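Summary of structural features
Listed here are the chains, written in short residue letters.
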Amino acid sequence: MKYILELRHVQKIYGEKENQVEALKNIDMQVKEGEFAAIVGTSGSGKSTLLNLAGGLDTPTGGRIYIKGREIGSLTRKELTIFRRRNIGFVFQNYSLMPVLNVYDNVALPVTFDRGSHISHKYIEELLRELGIWEKRKKYPSELSGGQQQRVAIARALVNKPAILLADEPTGNLDSGTTVEVIGLLKASCRKYNQTILMVTHNEAIAQTCDRIIHIEDGRVTAGARLFQEKGGDGAC
Amino acid sequence: MLKLACQYMRYYKSQTFAILASMILTAALLSGVSSLMYSSQRNDLENNKFVYGNWHYYLDAGEEALSSVRAGQQEEGFTVEQCGRLTVRDMVSEPYKIYFVDADESFRKMTHRELVEGIYPSGADEIAVDRYTLGNLGFSGGVGDVLCLGGKEYTLTGIVKSAWAAGSDEMVVFVGERFQGQESHPLLYLRFDEGEKLYKQLEAFCRQYGISWDSVTANDEVTRYLDGERPDSIYDIVKFALTDERGNFTYIILKLQSEYHLAFYGMILLLGIFSLFIIYSIFQISVSRRAAEYGMMQTLGISGAAIGGTLILELWTLFLAGYPTGCLLGNGVLQLFYRKFGNVFSAGTAGKGQSVLPGADQILGSGGTSDFYVAFGPMAAGFFFLFAALAFVGWLTVHSMQKKSIRQAMGGDASFLKGRRRIYSRRNRSLVSVTAGKFMFSNKKRVIGILLSLSIGGCIFLCTTYMTENLKVHAEMSMKSDDGLGSEYRVSVKSDTLSDTIPEAVVDEIRKMPELGQVYGTKYVLGELIIREQELEWDEYFDERNKDSLFLERYGGICVDRGDGTCGIKYDVYGYDEGMLEQLGGFVLEGEADPEGLTQGDQVIAVANMDGQGNYNFYGKHPGDTITLRVPKQLDCLEEVLKFQSPEENYIVKEFEIGAIVSRALAQEDAYLNVNSWSNAESIIMSNEQMRGVYGIRDYSFVNASAIDGADREQAAGEMLERIRDVPRAVLKDYTSAIENQKKYLKQQQFFFSAIAVVLLIISLFHIMNSMNYSILSRRREYGIIRAMGITDTGFYRMILGTGIMYGVLADVFIFLIYHIVLRRFMDYYMSHVVQFLHLTSGIPGGIMAGIMILNILIAAAAVVIPARKIGKSDIVSVI
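Residues numbered from 1 in each chain as written. Chains lettered and ligands numbered in written order. Predicted model: local features only at pLDDT ≥ 70, side-chain atom pairs only at ≥ 80, totals over all residues.

It is worth spelling out the pairing of strand β25 (residues 730–734) of chain B at this point. Residue and element names in this part refer to chain B. In terms of burial, β25 is largely enclosed, as five of its five residues are buried. Two strands pair when backbone bridges link them, and strand β13 (residues 489–493) and β25 are joined in this way by five bridges, in the antiparallel orientation. From the neighbouring strand, Val491 faces β25, where its bridge partner is Leu732. (Buried ≥ 20, exposed ≤ 12 C-beta atoms within 10 Å, placed from the backbone. Helix = DSSP H or I, 4+ residues; strand = E, 2+ residues; numbered from the N terminus. Pairing = 2+ DSSP bridges.)

Listed below in structure tokens is the structure:
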């Protein structure tokens, strides 16, 4: 089985000496291509730390992390940055959009980092239409609602057609109606683009809509339950 | 409120430090420069007291005053600190004009003519003389020897100190009470209490003794520092400038400068404003970092006044600590350096020693000491100004915060929303540079603040350089004009008789001296320029000159109505040799000073008249126009002929074409028109050949010479003295010390101004670093997002560096425009009309201009790279 993401004996320790906190303890985990997995845990359980490590935004104290079979710990800082922008898409709880760029340019931003890389305006338009924010393309983030901002963040995460999309509490700031919409959009993306998604949430109900739930408690993975059939099956996504 | 202010100061340590540092630095600069300028003024005063005498006024007093005025006398309105009496008892005119004076001890003390050897004369045939006079008389004996003056023999009983700037005064010998001479009325020399305004004391003194103002003469070089004359009120000055046709802006500036020390107080005011700008700007940054917190406080119900009070208390607390520290620092550092650079603002420091060459009049030697005086007045004024201004800053800050809603205050900057809504990625624009540009320009006030602080140091540096470059040219030209080509030696004839000249053969002998390099000989004759009445300008100026009793008596006035619709104006007519005519090139205002043209044709060079505001004009004439000049046919003429009212056969009348108009004459006479307080008298210049050909003048009136490198200067001067020994009334002036002093002074002045510019540059730099640091770090989250999106470290640094370079380039454009459109014009105006430099010929060297431009870019780049590295090292997750 080919895994998009694989964590082997990953450990993360913050602080030094008596202030040391072991946020993740010997984590082993895999995510398959096209899978929509949810990491669920209480506050401070280590779920966001796990996501940041998986996205190369932070480095583990021990263990290895593979994305598309490539061990990211072996990459130089520059290689990791390039690898990340080409293979990993991020969606954050607070959207993390550039306030000085409008919707369209926010979505196009990651593509422009690759010199010579052609911006597919058709694809951006498709994404924006798909996510229902095409009409808002000239608006600035501060002029949008939370749900609309998160849609922009999803579009930006998808624009480079990443191997995996990492979403950290994407609905944490949204009301229930918008939460349903956003989760629906993520699932639709997963289905349409065969997108692998790893989402952190503390909301069990939202997690229940995903392919798999990975429970994490006190820095350890406690359970992983498949709720649906594998991709390609009838009930996938 | 105080507690809250203290807590803010503790919490935002780096910003608190930045504000405190800016206060310390600006206070140091403000107080340091004030003290330096004040010290220079005080030292100038002390030097002038040494050169011109430590007295304020002399007057032809009545018997009552003469008998009752005494040192230490305190009356209502005045205090006489010292008074001396001087009586002229006799005068001889051969071999020089020498006065026999009876002076009391107090006078001799005030004028620094104390005995250095022997005793003061008391007998009828006894005299005391200074070494300068003895040297020129060729007297080689000592005290007790006999000296012959005016056909009579006198015993030399003592030697007194030589007078400073002896060349400009008549020679004097001191005699005792029993001297057999004429009985004349004594003059009373007064020194009042300098702690009070002098003019008020003089008014009270004159009132008490019923003395007329006309009989009072001021020691201008001393009293101008001590309010020697009642100043016009500012209201009257402005009113005159606005209502009188002769009044203008320059009039106001010049009057304020001469009567209210505009340059001194203006400089302090500018430094105060500069200090305020820096403090305000840094404080704004500090406040903007916590704007959201103040917004939060307002939501909790804290009033704007309370927030304002907190801000003002914070500023005042820091100011109370920073200002005294800065003053101590500035004055302390400058006191250490003052001895080395003390005479930067002083026009020259008089040496306290005697002339090395007994026969030569040594002008303005160096070696005087300079004391440092702390300017408490301006420091206190600066304190109160900034203290009050900081309260205004606090109010302004709260006012600008209150213009925003609480939501805006908490939400941060949203000014980029106002721009046009373009999709830049569709235009193939790099979104990185678009983002960087938007970060830069989203807050226009901040951008202008950064550009201003980036530019201010550069602008000040350019202005300083421009000023010092022109000052250098002006000083060189002044030297050339005053003493003749900046030569070290000048031989002239101490006489006001045209036929007293230096024979051509003697000048040839001087030319042959191996110790001398350039030797320039000048011929001279007094002439009269004839112009039509309607061509005459500045009637008031000529009226004033006509009033001078000396001119009236000798020449029948300077400008005389000839009764045929024309005016005759007395003119110095100089004959220059080729070398001097070439040197005149730098002074040309119009036309061309062509030596060949002068020699071959009937061309002359006219010296333009300059008004009090630095404007030049030669009766509306230009090169190519003609003038009519009358000069006496014989140099050996009767005094009456010099009034130019004798029969026409006594004069040569000739028409000349104006070849060029210049701003000044070189090597000017000091016995005919440039006497009393008059200088740079009206002059016409021609070649020596013309003087010989047209007027038959063979001999010279002055010779200017310079020693070659490595020559023994003392020996050279001695040899020159030897050659002129037989020339009646010929004297040698030694300018060696003056030239050295001038060069040293110029160098120090350049160094000083550059140092001040560098200090300002450092303060600006400090401000730039703080502004840029804040500007970059305030976008920490946005840069974090960009990094999370996958920009490489190189790309990130390139983006930030681009921002810095852009700031640098914009600042360069800013500087270039401000300098050329505003500052340079202002400087040109200031130099030509206020300080009245001879010529504005020197621009800023291209290297310095380029250096400033490059430095700006480097500073801006360095200023952004430092915070960028901080961001680059930080953890992405924590910042987003």
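Looking now at the packing of helix α17 (residues 504–511) of chain B against helix α23 (residues 713–724) of chain B. Residues and elements named next belong to chain B. Running from amino to carboxyl end, α17 crosses α23 at an angle of 160°, the nearest separation of the two axes being 10 Å. The angle between the axes of α17 and α23 places the two elements in the roughly antiparallel class. For the element pair α17 and α23, the recorded crossing hand is right-handed. Residues Val506, Glu509 and Ile510 of α17 pack against Met720, Arg723 and Ile724 of α23. Residues belonging to the contact of α17 with α23 are distributed by class as follows: four nonpolar, no polar and two charged. (Axes fitted to C-alpha atoms, helices over the stretch in contact; angles between N-to-C directions. Parallel < 35°, antiparallel > 145°, perpendicular 65-115°, else oblique. Left-handed = near helix turned anticlockwise from the far one by under 90°. Contact = placed C-beta atoms within 7 Å. Nonpolar A, V, L, I, M, F, W, Y, C, P; charged D, E, K, R; others polar.)

Before going further, it helps to spend a moment on the interface of chain B and chain A. Contact residues are listed per partner, giving 27 residues for chain B and 30 residues for chain A. Considering every element that reaches the side of chain B that touches chain A, the biggest residue donor is helix α15 (residues 431–441) of chain B, with five residues. In terms of residue class, the side of chain B that touches chain A is built from 15 nonpolar, seven polar and five charged.

A few words now on the confidence of the model for chain A. Residue and element names in this part refer to chain A. Per-chain confidence: chain A averages 85 in pLDDT, with 92% of residues scoring 70 or above. No element of chain A has a lower mean pLDDT than strand β10 (residues 220–226), which averages 69, and none a higher one than strand β4 (residues 62–67), which averages 93. Scored below 50 in pLDDT, residues 227–237 shows 19 contacts in the model against residues more than four places distant or in partner chains. (pLDDT = per-residue confidence, 0-100.)

Here we come to the sheet that holds strand β1 (residues 3–14) of chain A. All names here are of chain A. Taken together, four strands build an open sheet; the order of strands is β2-β1-β4-β5 and the sheet is antiparallel. The open sheet is flanked by β2 (21–32) and β5 (70–71), the only strands paired with a single partner. Taken together, the two bridges between β4 and β5 define a ladder with antiparallel strand orientation. Bridging across to β5, Ile67 finds its partner in Arg70.

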